Amino acid sequence: MKCSIFLSLKQQMKTIACIVAWVWMPLTASFAATPAEQMLIDQAQQGSAHDRMRLGLRYAMGDGVKADDMVAQKWYQLAAEEGYAPAQVGLASMKAFESDVQDIPGAIALLRQAAQQDNIQAQTELARLLQSTGVASSPEEAAVWQKKAEALTQQQQLDWAWKIAATGCERWQIPSDTPVEVVKRQATQVSSPKHTGLTLDIMKIGRAVESDDNAAKTVGAMLLATGNGIKTDQKLAAEWLRDAAKSGYAPAQAVLGQLYRIGWASFAKNEQAAAEWMKLASDQGLEEAQVQYAKMLSAGTGTVADKPKAEALLQQACESHDPQALMILGFEKLSQDKRPESMALLSQAAAYGDEHILSVLAVLYGWGTAPVGNESAKMTEIRRYAQREDADAQLMLGLFYAEGWGTPWNVGESAFWYRTAIQHGNKDAMLPLVLLHVEAGQAKEADRLLTEVMKQKAFGFLHEKEMLKMMFEEMAPTSEIPEMRDTSDSEEALAYRAWRRNKMTHQLQYLAQHAKSGNPVMGYLHGMLVAEGKDVGMDKTAGKQLMQVSLSKLCTLSQKGIEKECSANMEGH
């Protein structure tokens, strides 16, 4: 077994095939759904495919429920079978990128189904998979889907512009009970930032334009450009839009910026002009423009990159629960390795988001690099292998819960995963479980399991010297474990170190007691820790001697798992 967390987990985790006898253990963890989780489950079962997919995403994110990708896949599967595109994208992402045994053909089939529903994320991911090497490679089909994704993206950007252009159009709305013969000309299915499917009186808008009303000019430009209820006239549309923008009307400025950004009709693509106009609208507090300008600032598109200013603009939009702003800022926090902040933002984005945002998040969590609940990145990585019945990962997950590494300390969770590792054939988990019993104040249970360790000759964990030393350290600044890097005097850091000192004190006392009584496992471990200066009750020389004597006894009993140590001990003699 290779327990070092500094190595690649794909190299670390190799499933042990043999299954050993069940080990009695009183520490248990209850995995029944909490009332809040059960309510979410009931809502998903009784609700729509969207509700089922959303619950799957919650499990992937660890959002209000215990993170579990296998459970997430089950909910994705249910929603995908109903044809819900974001769920198909999420399930495909897990099949393609996250599972130990990848199912590329299955992922492609799911992505095709979602792509045919004009899901841009599905089209993009499908193109990516089809461009890759292997039996599924099809550059020609990939190019087709990529082109469709780009066309749909531009259409969405254009739709955004027309929606902003329709700001304030409600005052020209035709009441639903108005007789048809009363309204001579009308535009239909107009959507503004606040309403959808409006019917507008074109004649009233025209009279407002004649009165130099900038809102009317902007709405009118949209109707002229799209030919909605009126003859298309791109030249006049551009003229009205520029007039309103130059007069300082923020929605017109944002629309003009967007049209320059995508290069539509008479507006040749011009990133600098796009940024200038979008900035003017953003400076006036137009939330939609702030989000777009923030993206330009972050990427340096058409303007000098300014991430702090971009973040400030996004934060303003987030205060109004703008889902796109929440998602973008969440990505930015993730790039800064601020995982808890990122998780909070992405969770809100999922709650408020549309199908596009849900699809983007489903892919992000399918890749397995996104922030999850209270977990560190390493914790998330280990958990995913553990939930796929990898016995070594299950042992490691037990350690992380026991030590409070990358997740809140939890004795019950730790015991569950140690026991699961043992049942899957990893007897090395027995020794850490002994220490967990000691930590929980269950000395009799620890003694009972230690006897089982001797019977099973389960000494292999003693080989993990670096891991054992870390288990008896307050801080390890060079480790990948966030809590153990925190050398500050913050209240949280001080409390964590105080807790570790108390835990280690009880465990060292137990080791010393059983080493004195002649138990070679405890003798070797205690001797090693004394030699490393972890227990000042003995001098380092005495610790090394205890370690050597205990190792000789262990090697006589069994060398399995500690072959290297036994060989070195023989050579030393």
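The following paragraphs examine the structure supplied in this document. (Residues numbered from 1 in each chain as written. Predicted model: local features only at pLDDT ≥ 70, side-chain atom pairs only at ≥ 80, totals over all residues. Heavy atoms only, no water.)

## Quick look at the overall build of the chain
Short version of the rule: To qualify as a helix, a DSSP run of H or I must reach at least 4 residues; to qualify as a strand, a run of E must reach at least 2; elements of each kind are numbered from the N terminus. To get the radius of gyration, use the C-alpha atoms; to get the globule rule, take the number of residues to the power 0.38 and multiply by 2.2 Å. Think of it in three bands: residues with accessible area under 20% of the maximum for their type are buried, residues over 50% are exposed, and the middle band is partly exposed, with areas taken using a 1.4 Å probe on protein chains only. Throughout, a residue-residue contact means that at least one pair of heavy atoms, one from each residue, lies within 4.5 Å. Within this scheme the basic residues Lys and Arg register as positive and the acidic residues Asp and Glu register as negative, but His and the chain ends are omitted. Taken as the charge centre is NZ of Lys, CZ of Arg, CG of Asp or CD of Glu, depending on the residue.
Scanning the chain from N- to C-terminus turns up 29 helices and 2 strands. For 573 residues, the compact-globule estimate of 2.2 N^0.38 gives 25 Å, and the C-alpha radius of gyration of the chain, at 31 Å, exceeds that figure by more than 25%. Overall, the C-alpha framework of the chain stretches about 100 × 45 × 45 Å when taken along its three principal axes. With 573 residues in all, the chain has 51% of them scored as buried. Taking the contacts inside the chain whose residues are at least 6 apart along the sequence as the reference set, 59% of them involve residues at least 24 apart. The chain carries 58 positive and 69 negative side-chain charges, and their two centres are separated by 2 Å.

## Observations regarding the nonpolar core
Rules: Nine residue types can take part in a nonpolar core, namely buried Ala, Val, Leu, Ile, Met, Phe, Trp, Tyr and Cys, and a core is a set of them joined through side-chain atoms within 4.5 Å.
Core analysis: the biggest nonpolar cluster contains 118 residues, and Trp162, Val190, Leu259 and Tyr365 have the highest contact counts within it. Those residues in contact with tryptophan 162 that sit more than four places away from it in its chain are Ser191, Met222, Ala225, Thr226, Val255, Leu259 and Trp264. Core analysis: the next-biggest nonpolar cluster, separate from the first, contains 60 residues, Leu397, Ala476, Tyr496 and Ile562 among them.

## Digging into helix α23 (residues 443–456)
Note the threshold: Here, expected helix span is obtained from the residue count minus one, scaled by 1.5 Å. Relevant arc is that of directions from the helix axis to the C-beta atoms, nothing else.
Taking 1.5 Å as the rise per residue, α23 with 14 residues should run 20 Å; its terminal C-alpha atoms sit 20 Å apart, in good agreement. The set of residues buried in α23 consists of Ala446, Leu449, Leu450, Val453 and Gln456. Looking straight down α23, one finds its buried side chains confined to an arc of 125°; they lie on one side. Turned more than 90 degrees from where α23 packs its buried face, Lys444, Arg448 and Lys455 sit exposed. Buried residues belonging to α23 abut α22 (430–439), α26 (491–516) and α27 (520–531). Remark: lysine 457 follows α23 within two positions and exhibits a positive phi of approximately 55°.

## Considerations on the layout of surface pockets
Put simply, the test is: Method remark: on a 1 Å grid restricted to protein atoms, a set of points is classed as a cavity if a 1.4 Å probe fits but cannot get out and as a pocket if it is open with protein on both sides within 12 Å along at least five of seven lines; lining residues have an atom within 4 Å of a point. Grid points are joined across faces, edges and corners, and a volume is the space filled by probe spheres set on the points. Residues were grouped as follows: Ala, Val, Leu, Ile, Met, Phe, Trp, Tyr, Cys and Pro as nonpolar; Asp, Glu, Lys and Arg as charged; and all remaining residues, including Gly, as polar.
One number sums up the size of the largest pocket: a volume of about 1400 Å³. Residue lining of the largest pocket: 46 residues in total, with Gln156, Trp160, Gln324, Asp354 and His356 positioned closest to the centre. Taken together, the elements giving at least two residues each to the lining of the largest pocket come down to α7 (120–131), α8 (139–165), β1 (186–190), α10 (214–226), α12 (250–262), α14 (287–299), α16 (323–335) and α18 (355–367). Of the residues forming the lining of the largest pocket, the biggest block, 11 residues, is contributed by α8. Here the residues of the lining of the largest pocket are counted per class, giving 20 nonpolar, 16 polar and 10 charged. In this structure, the second largest pocket occupies an estimated 640 Å³ of space. As for the second largest pocket, its lining consists of 26 residues, of which Asn374, Ser376, Gly406, Pro482 and Glu483 are closest to the centre. Those elements that provide at least two residues to the lining of the second largest pocket are α17 (339–352), α19 (377–386), α25 (482–485) and α26.

## Structural notes on the side chain of arginine 58
What counts here: Two N or O atoms count as a polar contact when they lie within 3.5 Å, although within protein this holds only if one can serve as hydrogen donor and the other as acceptor, and sequence-adjacent residues are included solely when both atoms are side-chain atoms.
Within the fold, arginine 58 resides in helix α3 (residues 49–61). Polar side-chain contacts of arginine 58 include one of 2.9 Å to the backbone oxygen of aspartate 63. Beyond its immediate stretch of four places on either side in the chain, arginine 58 contacts Leu40, Asp63, Gly64 and Val65.

## Describing the environment of glycine 330
Mapped onto the elements of the fold, glycine 330 is located in helix α16. Counting along the chain gives 92 residues from glycine 330 to isoleucine 422, while the straight-line C-alpha distance between them is 39 Å. Aside from chain neighbours lying at most four places away, what touches glycine 330 is Ser342, Leu345 and Leu346.

## Comments concerning the pattern of salt bridges
Inclusion rule: Only one rule defines a salt bridge in this text: a Lys or Arg side-chain nitrogen within 4 Å of an Asp or Glu carboxyl oxygen.
Summed over the entire model, instances satisfying the criterion amount to 24 salt bridges. When the shortest N-O distance is used, the salt bridge between aspartate 63 and arginine 58 registers 3.7 Å. The pair formed by aspartate 63 and arginine 58 is uniform in burial state, with each residue classed as buried. Arginine 501 serves as the salt-bridge partner of glutamate 474, at 3.0 Å between the closest nitrogen and oxygen. Of this pair, glutamate 474 sits in the loop between α24 (465–471) and α25 while arginine 501 sits in helix α26, placing them 27 residues apart in sequence. With a relative accessible area of 26%, glutamate 474 lands in the partly exposed category. By sharing partners, the salt bridges in this structure join Asp69, Glu375, Arg383 and Arg384 into a single network.

## Observations concerning unusual backbone geometry
Within the chain, aspartate 118 stands out as a residue other than glycine whose phi angle is a positive 65°. Considering the arrangement of structural elements, one finds aspartate 118 in the loop between α6 (104–115) and α7. Aspartate 118 sits in the partly exposed class, given a relative accessible area of 49%.

## Regarding the environment of arginine 128
Position of arginine 128 among the secondary structure elements: in helix α7. Given a relative accessible area of 39%, arginine 128 falls into the partly exposed group. For the pair arginine 128 and proline 139, spaced 11 residues apart in sequence, the C-alpha separation works out to 9.3 Å.

## Re empty space enclosed by the protein
In this structure the tally under the stated criterion is 1 cavity of 30 Å³ or more. Considering only enclosed or pocket space, the largest cavity measures out at about 70 Å³ in volume. Lining the largest cavity are 14 residues, and of these Trp162, Ala221, Ala237, Leu241 and Leu259 sit closest to its centre. Those elements giving two or more residues to the lining of the largest cavity turn out to be α8, α10, α11 (234–246) and α12. Among the residues forming the lining of the largest cavity, the class breakdown is 12 nonpolar, 2 polar and no charged.

## A look at the packing of aromatic side chains
Just so we agree on the cut-off: Working definition: a ring pair exists when centres of Phe, Tyr or Trp rings (six-membered ring for Trp) sit within 6.5 Å. Plane angles under 30 degrees give stacked, over 60 give edge-to-face, the rest tilted.
If you walk through the whole model with that rule in mind, you get 6 aromatic pairs. Here the aromatic rings of tryptophan 409 and tryptophan 499 are separated by 5.5 Å at their centres, their planes lie at 55°, and the arrangement is tilted. Taken together, the residues tryptophan 409 in the loop between α20 (391–403) and α21 (411–423) and tryptophan 499 in helix α26 connect sequence positions 90 residues apart. In this structure tryptophan 409 comes out as partly exposed when scored by relative accessible area, which is 41%. Classification of tryptophan 499 by relative accessible area gives partly exposed; the value is 22%. Measuring from ring centre to ring centre gives 5.8 Å for tyrosine 496 and tryptophan 499, while their planes differ by 45°; the resulting arrangement is tilted.

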